[in-house]
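Coordinates in review
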Amino acid sequence: MKLEIEKGSFGYIKRKKKRQILLVFLMLFIAAVMFITGLFLHKFDKSNLCTMLAILMVLPMAKFFVIYVVMFPYKSVSRERYDAVREKLVGEAELMTDMVITSSDIAMNLDFIIITDNQVLGLAGKKKQDIKYIENYLKKTLDSNKLDSFTVKIFDDEKQFEKCIPYRQFEKNALQEDALKIIRTLAV
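Below is a short write-up of the structure. All figures in this text were calculated on a predicted structure; none of them were measured in a lab. (Residues numbered from 1 in each chain as written. Predicted model: local features only at pLDDT ≥ 70, side-chain atom pairs only at ≥ 80, totals over all residues. Heavy atoms only, no water.)

The next point concerns the side chain of Glu135. Structurally, the position occupied by Glu135 is in helix H5 (residues 131-144). Excluding residues within four positions of it along the chain, Glu135 makes contact with Val152, Lys153 and Ile154. (Helix = DSSP H or I, 4+ residues; strand = E, 2+ residues; numbered from the N terminus. Contact = heavy atoms within 4.5 Å.)

Here it is as structure tokens:
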């Protein structure tokens with residue numbers, strides 16, 4: 001299992017959840033070993049440096065657990081759905097999948113994001129999400145990074161999303177790369 005998982009790649013949510021829970025248990029194991037080692041080295045006196053270090057191991061463990069909790073309700077898209085969307089892309093359009101994006105208010109799940117030279121198209125992963133909020137959040141984020149030439153459209157119906165997949169050819173440009181990087185940084 002690779003340690004770094006690229007955000008937006010197929011199966012990202014599934015692999016990220018496995019990685020996070022593995023890291024939680026690893027940190028717990030390391031903290032327990034440190035605590036027990038400190039007890040043995042200091043004749044079962046809990047007031048020692050190893051105990052303090054074991055307590056500090058809770059901080060990264062909590063970080064990994066919070067990410068796991070945020071991602072827990074979401075699932076990766078199936079290979080069939082991913083391949084179906086991938087086949088419809090032409091040219092230099094970028095496809096991202098399994099995106100969990102967080103704002104200060106809510107966590108948002110997008111099954112697919114397609115980035116072209118001037119558009120960001122997305123398909124909501126859960127049905128009862130506020131589509132307008134997601135569109136506005138992505139648009140404001142792109143605008144604040146001087147990418148205001150992009151239009152953002154999020155769909156909650158897969159058929160409508162597939163109809164809007166661009167069929168025109170275009171050249172990959174720096175703005176498209178910048179938009180891809182910015183949206184990738186929003187993901188958990």
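Read on, since the account is not over.
Take the packing of aromatic side chains next. Each aromatic ring pair is described using two quantities: the centre-to-centre distance and the angle formed by the ring planes. Evaluation of the coordinates by the stated rule reveals six aromatic pairs. Seen in terms of ring centroids, Tyr68 and Phe72 are 5.8 Å apart; in terms of plane orientation they differ by 55°. Their pairing is tilted. Seen from the ring of Phe10, Arg79 lies directly overhead, with NZ or CZ sitting 4.0 Å from the centre. One Lys or Arg, Lys153, reaches over the ring of Phe155 and ends 5.4 Å from the middle of that ring. (Phe/Tyr/Trp six-rings, centres within 6.5 Å; stacked < 30°, edge-to-face > 60°. Lys NZ or Arg CZ within 6 Å of the ring centre and 35° of its normal.)

Now for the side chain of Lys16. Along the chain, Lys16 falls in helix H1 (residues 12-41). Beyond its immediate stretch of four places on either side in the chain, Lys16 contacts Ile5, Ile67, Met71 and Val188.

What follows concerns the pattern of salt bridges. Going through the model one piece at a time under the given rule, you end up with 10 salt bridges. For Glu177, the salt bridge is made with Lys172, and the minimal N-O distance between the two is 3.3 Å. Residues participating in the shared-partner salt-bridge network are Arg81, Asp111 and Glu158. (Salt bridge = Lys/Arg side-chain N within 4 Å of Asp/Glu carboxyl O.)

One non-glycine residue, Lys43, lies in the positive phi region at around 55°. Mapping Lys43 onto the fold places it in the loop between H1 and helix H2 (49-56). In this structure, Phe44 is a non-glycine residue whose phi angle is positive, near 60°. Structurally, Phe44 is set in the loop between H1 and H2.

Attention now goes to the sheet that holds strand E3 (residues 119-124). Spatially, four strands are ordered E1-E2-E3-E4 in an open sheet, and the strand pairing comes out mixed. Edge strands, defined here as strands with exactly one partner in the open sheet, are strand E1 (94-102) and strand E4 (151-155). For this sheet, the mean angle separating the axes of adjacent strands, direction not counted, is 25°. Each of E1, strand E2 (107-115), E3 and E4 touches H5; the most contacted strand, E4, lies at about 155° to it. Across the sheet, helix H7 (residues 174-186) is in contact with E1, E2 and E3; its angle to E1 comes to roughly 35°. (Pairing = 2+ DSSP bridges. Axes fitted to C-alpha atoms, helices over the stretch in contact; angles between N-to-C directions.)

Counting 23 residues, the largest nonpolar core has Leu110, Ile113, Ile115 and Leu142 as the members making the most contacts within it. Of all the secondary structure elements, the ones that give two or more residues to this core are E1, E2, E3, H5, E4 and H7. Among the elements that make up this core, the one with the highest residue count is H7 (five residues). Apart from the residues lying within four places of it in its own chain, the contact partners of Ile115 are Ala93, Glu94, Met96, Val120, Phe150, Gln176, Ala179, Leu180 and Ile183. Core analysis: the next-biggest nonpolar cluster, separate from the first, contains 14 residues, Tyr82, Phe155, Phe161 and Ile165 among them. (Core = buried A, V, L, I, M, F, W, Y, C linked by side-chain atoms within 4.5 Å. Buried < 20%, exposed > 50% of the residue type's maximum accessible area, 1.4 Å probe, protein only.)

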